[in-house]
Amino acid sequence: MAVFTPVSLDDLTDWMPQFNLGKPLAIKGISSGIENTNFFLTTETGEYVLTIFEKLTFAQLPFYLHLMRHLAERGVLVPAPVANHAGEILHSLHGKPASIVTKLEGSSQLDPRPAHCAAVGAMLAKMHLAGRDFGIRQPNLRGLDWWRMTTPTVLPYLSESNQHLLRAELHAQEAFAASATYRELPNGPVHADLFRNNVMFDGERLTGFFDFYFAGCDTWIFDVAVTVNDWCIDLDTGALDAARVRALLDAYHAVRPFSAAEQEAWRPMLQAGALRFWLSRLYDFHLPREAEMLTPHDPTHFERILRQRIDNPVPELF
Ligand SMILES: Nc1ncnc2c1ncn2[C@@H]1O[C@H](COP(=O)(O)OP(=O)(O)O)[C@@H](O)[C@H]1O
Ligand SMILES: N[C@@H](CCOP(=O)(O)O)C(=O)O
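Residues numbered from 1 in each chain as written. Chains lettered and ligands numbered in written order. Predicted model: local features only at pLDDT ≥ 70, side-chain atom pairs only at ≥ 80, totals over all residues. Heavy atoms only, no water.

In the annotation of an unreviewed UniProt entry, the entry for the chain reads Homoserine kinase, and the organism field reads Noviherbaspirillum album. Per UniProt, the chain has the following entry under Pathway (unreviewed entry): "Amino-acid biosynthesis; L-threonine biosynthesis; L-threonine from L-aspartate: step 4/5." One UniProt comment on the chain, placed under Catalytic activity (unreviewed entry), says "L-homoserine + ATP = O-phospho-L-homoserine + ADP + H(+)". (UniProt positions renumbered as here; feature names shortened; annotations may be inferred.)

Put into structure tokens, the structure is as follows:
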């Protein structure tokens, strides 16, 4: 149960009047999160999600919350942050940063078919386009700098073969990031963690993307690679599933056509997407932070995906 900061209806009595949401009627902790404390909150006006941020700071949060509001205003299906009477969307509860956002309908599709992947691809392209005029810049905090910093910390826990793989991939990514092709890649705000558990569906109808708290400014193609590495694979081997890859990429391309530079970047970006989550999972597995990660995710899953992407041909981007 990942409720790090308990909140009761009594706690909300003096806090809720700053919003136009009516009286709070029920609050229920959500067990599945690993980063923040989340609650389903029912008020006289509807259902919402109340989040207490356990690690992100008051300085970092405006990027995420204003990005969600910016995207929601442009028709991208994401939770909309609720403003108080003063127009603020970042609040404080029990001394920690907090937000209220609209609740998305539906549930996660953990066994996606091509139709689900197509819906995700189209909405992802729409999201990238809608983010072009977003005014706040914040880097992807889990980007190359973080990979460089984290690699030496996890290397001592790895077999010789995995040490070699990790070092070689980091070098390859450093070289690619310094290339002319990389400089040509379109970039802007990206979700950067658009896994199956961060998207809601009602049947085949996509109802929203959520959990924007790893978002940042990065290349759009990195975001596509992270998404494909989770939505379009055989979960046992990490191999790409051709039908789902095609569905996601074609739907994305129909909304925001890929460029020639992105085609060139596609394989290195699929590797980058695997490296990023291999590293974070290695870090969380070998250096667990007390009570924050209840069941660490399996790092070997992304080691397999990385080896797959290096060793096998990858489908054309378009
Ligand atoms: N806006 C939302 N609408 C509906 N459900 C949500 C929303 N935000 C979070 N949830 C639910 O809360 C769970 C945990 O949220 P998540 O943002 O993934 O937490 P964490 O960042 O701590 O991993 C999700 O799996 C989902 O069921
Ligand atoms: N998607 C990441 C972990 C991030 O967790 P989330 O619940 O906030 O999406 C992984 O699978 O390693």
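Don't stop here, the text continues.
**Q** For this particular structure, what's the right way to read the pairing of strand β2 (residues 37-43)?
**A** Within a regular strand, side chains alternate between the sheet's two faces. For β2, a buried count of 5 out of 7 residues is recorded, marking the element as mostly surrounded by other parts of the structure. As judged from the 5 bridges shared by strand β1 (residues 24-29) and β2, these two strands associate in the antiparallel manner. Note on β2: the bridge partner recorded for I27 is L41. Bridging between β2 and strand β3 (residues 46-52) involves 7 bridges; their strand directions are antiparallel. Bridged to T37 within β3 is I52. Connecting β2 to the next strand, β3, in antiparallel fashion are 2 residues. (Buried < 20%, exposed > 50% of the residue type's maximum accessible area, 1.4 Å probe, protein only. Helix = DSSP H or I, 4+ residues; strand = E, 2+ residues; numbered from the N terminus. Pairing = 2+ DSSP bridges.)

**Q** How should I be thinking about the domain arrangement of the chain in this particular structure?
**A** Frequently, the measure chosen for interface size is the accessible area that the parts lose on association. Per the domain assignment, the segments making up the chain are domain 1 (9-102) and domain 2 (114-311). Counting from both sides, the interface comprises 25 residues of domain 1 and, opposite them, 27 residues of domain 2. Summing the contributions of domain 1 and of domain 2, the shared interface buries around 2,200 Å²; its carbon and sulfur component is 69%. Broken down residue by residue, the surface that domain 1 buries against domain 2 is led by F63, Y64 and L77, which jointly contribute 30%. Counting across the interface, domain 1 meets domain 2 through 1 salt bridge. A salt bridge links R74 to D133, with the shortest nitrogen-to-oxygen separation between them at 3.4 Å. Between domain 1 and domain 2 we count 7 residue pairs in polar contact (both at pLDDT 80 or more) in total. (Domains from an automatic or database assignment. Contact = heavy atoms within 4.5 Å. Buried area = accessible area lost by both parts, 1.4 Å probe. Salt bridge = Lys/Arg side-chain N within 4 Å of Asp/Glu carboxyl O. Polar contact = N/O pair within 3.5 Å; in protein donor to acceptor, adjacent residues only side chain to side chain.)

**Q** Would you mind showing me how to read the site of ligand 1 here?
**A** Around ligand 1, a shell composed of 18 residues is seen, among which I34, E35, N36, N38 and L104 lie nearest. Between an oxygen atom of ligand 1 and a main-chain N or O atom of N36, the distance comes to 3.0 Å. Here ligand 1 has 550 Å² of accessible area as a free molecule, and 89% of this is covered by the chains. If you list the elements that add at least two residues to the shell around ligand 1, you get β2 and β5 (96-102). (Near = heavy atom within 4 Å. Areas by Shrake-Rupley, 256 points an atom, 1.4 Å probe, with all protein chains shown as cover.)

**Q** Any chance you could explain the site of ligand 2 here in plain terms?
**A** Looking at ligand 2, the residues that line it are I34, D193, F195, N197, N198, D211, F214, F277, R281 and H297. With respect to ligand 2, the side chain of R281 contributes an N or O atom lying 2.7 Å from an oxygen atom. Coverage of ligand 2 by the protein chains reaches 90% of its 340 Å² of free accessible surface. Class assignment for the residues of the shell around ligand 2 results in 4 nonpolar, 3 polar and 3 charged. (Nonpolar A, V, L, I, M, F, W, Y, C, P; charged D, E, K, R; others polar.)

**Q** Can you help me understand the pattern of salt bridges in this one?
**A** Two side chains of opposite charge can pair, provided their charged atoms sit close to one another. A complete count under the given rule lists 14 salt bridges for this structure. D230 serves as the salt-bridge partner of R196, at 2.9 Å between the closest nitrogen and oxygen. In this pair, R196 sits in the loop between β6 (187-190) and β7 (199-202) while D230 sits in helix α7 (residues 220-231), placing the two residues 34 residues apart along the sequence. Accessibility classification places R196 together with D230 in one group, the buried group. Among the ionic pairs, D241 bridges to R244, the shortest N-O distance being 3.2 Å.

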